[in-house]
Structures are given as structure tokens and as C-alpha cells.
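Understanding the architecture of this molecule
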Amino acid sequence: MIIIILNKSKKKSFRTTKRIINKVLPKVDIRLNIGDIPYRVFIKLVKDLKKSTVKGTSVKIFIHNKECYHNFNIIQIGTKHKYLNNFDIMKVDYERFNDY
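Residues numbered from 1 in each chain as written. Predicted model: local features only at pLDDT ≥ 70, side-chain atom pairs only at ≥ 80, totals over all residues. Heavy atoms only, no water.

Details of the sheet that holds strand E4 (residues 72-78)
- Strand order in the open sheet made by the four strands is E2-E1-E3-E4, with antiparallel pairing throughout. The open sheet has two edge strands, strand E2 (32-36) and E4, and neither has a second partner. On average, each strand axis in the sheet is inclined to that of its neighbour by 15°, with strand direction left out of account.
- Where strand E1 (residues 2-7) lies against strand E3 (residues 58-64), five bridges are found, and the strand directions are antiparallel. (Pairing = 2+ DSSP bridges. Helix = DSSP H or I, 4+ residues; strand = E, 2+ residues; numbered from the N terminus. Axes fitted to C-alpha atoms, helices over the stretch in contact; angles between N-to-C directions.)

Written as C-alpha cells, this is what we have:
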């Protein structure tokens, strides 16, 4: 699955989220990562990012999906932004993936 991650976190939360994301996806810019990863790795990435959420965290994960607005779904971790309301919020069933 093709994923674009925009990291708008601040201070210490930026450093922690950057470390988590850079383990999985190559960086394009200091705040942007793009790549193609398997679904199980994506589930692990989202779980790790949600565990490390603090006050300054703001991570946007865009997932390629042909049936949605501009062909992308979005998951917002941390601070939510209103300008992204047109994208569908993707609901992931984490209970099926307890093994990872």
C-alpha cells in the first residue's frame, strides 16, 4: 500500500515520531516520508505512533485508495486539522492484528 506521511509535530514529539517513521519509510524531506509498505507493517506503524502521542504530536498519514476523495484516505494522529475534513477518516480494525 502506498503511504505518504506528513509530520507536523513540534519539539521533542517531532524527534520521537521522526525516529518511528524513518524506521519504516524513506524520507523525502525533513517532514515528509513516502513509500510502499505491507499492511502488517502499516498497522505496527500506526500503533507505535499512537503510543508515543503527546501534546505536540501532529502526524497525517495518507493511504492510497481509489474510492476516496482525491484517491486518498487519511489518518490523523495527535492534533486534528479542519482543512483535511474532505478526506475520509480511515477506521482500522486493530483487534485482528494483535499478533504484530
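Don't stop here, the text continues.
Topic: the pattern of salt bridges
- Scanning the entire structure with this criterion turns up one salt bridge.
- In this structure, Lys 44 and Asp 48 form a salt bridge, with 3.3 Å as the shortest nitrogen-oxygen distance. Of this pair, Lys 44 and Asp 48 are both found in helix H2 (residues 39-51), four residues apart, which corresponds to roughly one turn of the helix.
- The exposure class assigned to Lys 44 is partly exposed, which follows from its relative accessible area of 39%.
- Taking the relative accessible area as the measure of exposure, Asp 48 reaches 22% and is therefore partly exposed. (Salt bridge = Lys/Arg side-chain N within 4 Å of Asp/Glu carboxyl O. Buried < 20%, exposed > 50% of the residue type's maximum accessible area, 1.4 Å probe, protein only.)

Here we look at the side chain of Ser 58
- Position of Ser 58 relative to the elements: it lies in strand E3.
- For Ser 58, a relative accessible area of 4% corresponds to the buried category.
- A polar side-chain atom of Ser 58 sits 2.8 Å from a polar atom in the side chain of Lys 60.
- The residues contacting Ser 58, other than those within four sequence positions of it, are Leu 6, Asn 7, Lys 8, Ser 9, Ile 77, Thr 79 and His 81. (Polar contact = N/O pair within 3.5 Å; in protein donor to acceptor, adjacent residues only side chain to side chain. Contact = heavy atoms within 4.5 Å.)

Observations regarding the pairing of E2
- The alternating pattern of E2 places Asn 33 and Gly 35 on a buried face and Leu 32, Ile 34 and Asp 36 on a face that is not buried.
- One ladder, built from five bridges, connects E1 with E2; its direction is antiparallel. Bridging across to E2, Ile 3 finds its partner in Gly 35.

Some remarks on the packing of aromatic side chains
- Tallied over the full model, the rule gives one aromatic pair.
- The interplanar angle of 40° and the centroid separation of 6.0 Å between the aromatic rings of Tyr 39 and Phe 42 together place this pair among those described as tilted. Linking Tyr 39 with Phe 42, this pair stays in helix H2, spanning three residues, or about one helical turn.
- Across from the ring centre of Phe 14, 4.3 Å away, lies the NZ or CZ of Arg 31, which sits over that ring. (Phe/Tyr/Trp six-rings, centres within 6.5 Å; stacked < 30°, edge-to-face > 60°. Lys NZ or Arg CZ within 6 Å of the ring centre and 35° of its normal.)

Everything listed here is a matter of geometry and, on its own, says nothing about what the molecule does.
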